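Fold and contact review
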Amino acid sequence: MTDSVRFRRTVEKVKEMGFNPSKMKFVEAVYAMSAMSESTWERKVNAYKRWGLSEADILVAFKKHPLFILASEDKIERAMDFFVNKMGWESSLIVERPILVLLSLEERIIPRTSVINDLKSKGLVAKHIYLPTLLEYQEKKFLEKFVTPYKKEVLSC
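Because the structure is predicted, anything quoted here is derived from the model rather than measured.

On a plain count of helices and strands, the protein comes out with 10 helices and 0 strands. Start at the N end of the protein and walk to the C end: the helices and strands fall as α-α-α-α-α-α-α-α-α-α. The C-alpha extent of the protein, read off along each of the three principal axes, is 65 × 30 × 20 Å. Within the protein, buried positions represent 38% of all 157 residues. Taking contacts inside the protein between residues at least 6 apart in sequence as the whole, the part at least 24 apart equals 65%.

This part is about the pattern of salt bridges. Throughout the structure, instances matching the rule amount to 10 salt bridges. For R78, the salt bridge goes to D74, with nearest N and O atoms at 3.0 Å. Of this pair, R78 and D74 both sit in helix α5 (residues 73-86), 4 residues apart, roughly one helical turn. A single network of salt bridges, built from pairs that share partners, joins D74, R78 and E106.

Quick look at the environment of L119 now. Residue placement: L119 occurs in helix α7 (residues 105-121). C-alpha of L119 to C-alpha of W89: the two residues are 30 residues apart in sequence and 19 Å apart in space.

The subject of this paragraph is the packing of helix α3 (residues 38-49) against helix α4 (residues 55-64). α4 packs onto α3 with a crossing angle of 110 degrees between their chain directions and a minimal axis gap of 10 Å. When the axes of α3 and α4 are compared, the pair comes out roughly perpendicular. For the pair α3 and α4, the contacting residues are W41, V45, Y48 and K49 in the first and E55, I58 and F62 in the second.

Attention shifts here to α7. When we look at burial in α7, the residues that qualify are L105, R108, I109, R112, T113, I116, L119 and K120. The distance from a side-chain oxygen at the start of α7 to the backbone nitrogen of E106 is 3.5 Å, and the residue carrying that oxygen is S104.

On to the packing of aromatic side chains, then. Tallying each qualifying case throughout the model produces 7 aromatic pairs. Taking the centre distance of 4.9 Å and the plane angle of 40 degrees together, the rings of Y48 and F68 count as tilted. Remark: F68 occurs in the loop between α4 and α5 and Y48 occurs in helix α3; sequence separation between them is 20 residues. Assigned by exposure class, Y48 and F68 land together as buried.

Rules used throughout
The numbers attached to residues start from 1 for each chain and follow its sequence in the written order. Only residues with pLDDT of at least 70 get local features here, since the model is predicted, and only at 80 or more are side-chain atom pairs given and counted; chain-wide, interface and lining totals rely on the full set of residues. The side-chain numbers reported here are obtained from all heavy atoms of the structure, hydrogens and water having been left aside. Secondary structure counts use DSSP, requiring at least four H or I residues in a row for a helix and at least two E residues in a row for a strand, with both numbered from the N terminus. Residue burial is assigned from relative accessible area. The probe radius is 1.4 Å, only protein chains are included, and a residue is buried under 20% of its type maximum, exposed over 50%, and partly exposed in between. Whether two residues are in contact is decided by their heavy atoms, any of which lying within 4.5 Å being enough. Only one rule defines a salt bridge in this text: a Lys or Arg side-chain nitrogen within 4 Å of an Asp or Glu carboxyl oxygen. Convention adopted: a line fitted to C-alpha atoms gives each axis, helices being fitted over their contacting stretch, and angles between N-to-C directions are expressed from 0 to 180 degrees. For classification purposes, angles smaller than 35 degrees are called roughly parallel, those larger than 145 roughly antiparallel, those between 65 and 115 roughly perpendicular, and all remaining angles oblique. We define a polar contact as two N or O atoms separated by no more than 3.5 Å, with the added condition that, inside protein, one atom must be a possible hydrogen donor and the other a possible acceptor, whereas residues neighbouring each other in sequence contribute only through side-chain atom pairs. Classification of ring pairs rests on two measures: the distance between centres of Phe, Tyr or Trp rings, Trp counted by its six-membered ring, which must be within 6.5 Å, and the angle between planes, read as stacked under 30 degrees, edge-to-face over 60 and tilted in between.

In structure tokens:
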């Protein structure tokens, strides 16, 4: 199959999924689907299914953030393991916040969850704070809200 035929099929498939061709998410979906073979797509879908997500769930997540499907199978596994087994979150969280799979565990997710859990344990932030949202904050915003204001309190404990 030629590249142009494959591209047209991908565009049609993305349209069939319900993406609006006039929106940026359509372009992201075409890019994501063009970046992998059908067998790679299936392996990634199966990686999410192993964590209890249905094909419908995965499609909802794909529509919210098409690039989430580009995470490697290893990255999907490590992220889901952390969220479900270490944080105790439901795997369905990824349907609501698919971008979380793309964030670095080592450089963003683990350090931020550690900071927030430390602040919670010291009573410096509310116990019911919704951590998944904080993982998405830009670095500057996270530092301004959760690091800079508490430097003295944390260092003196």
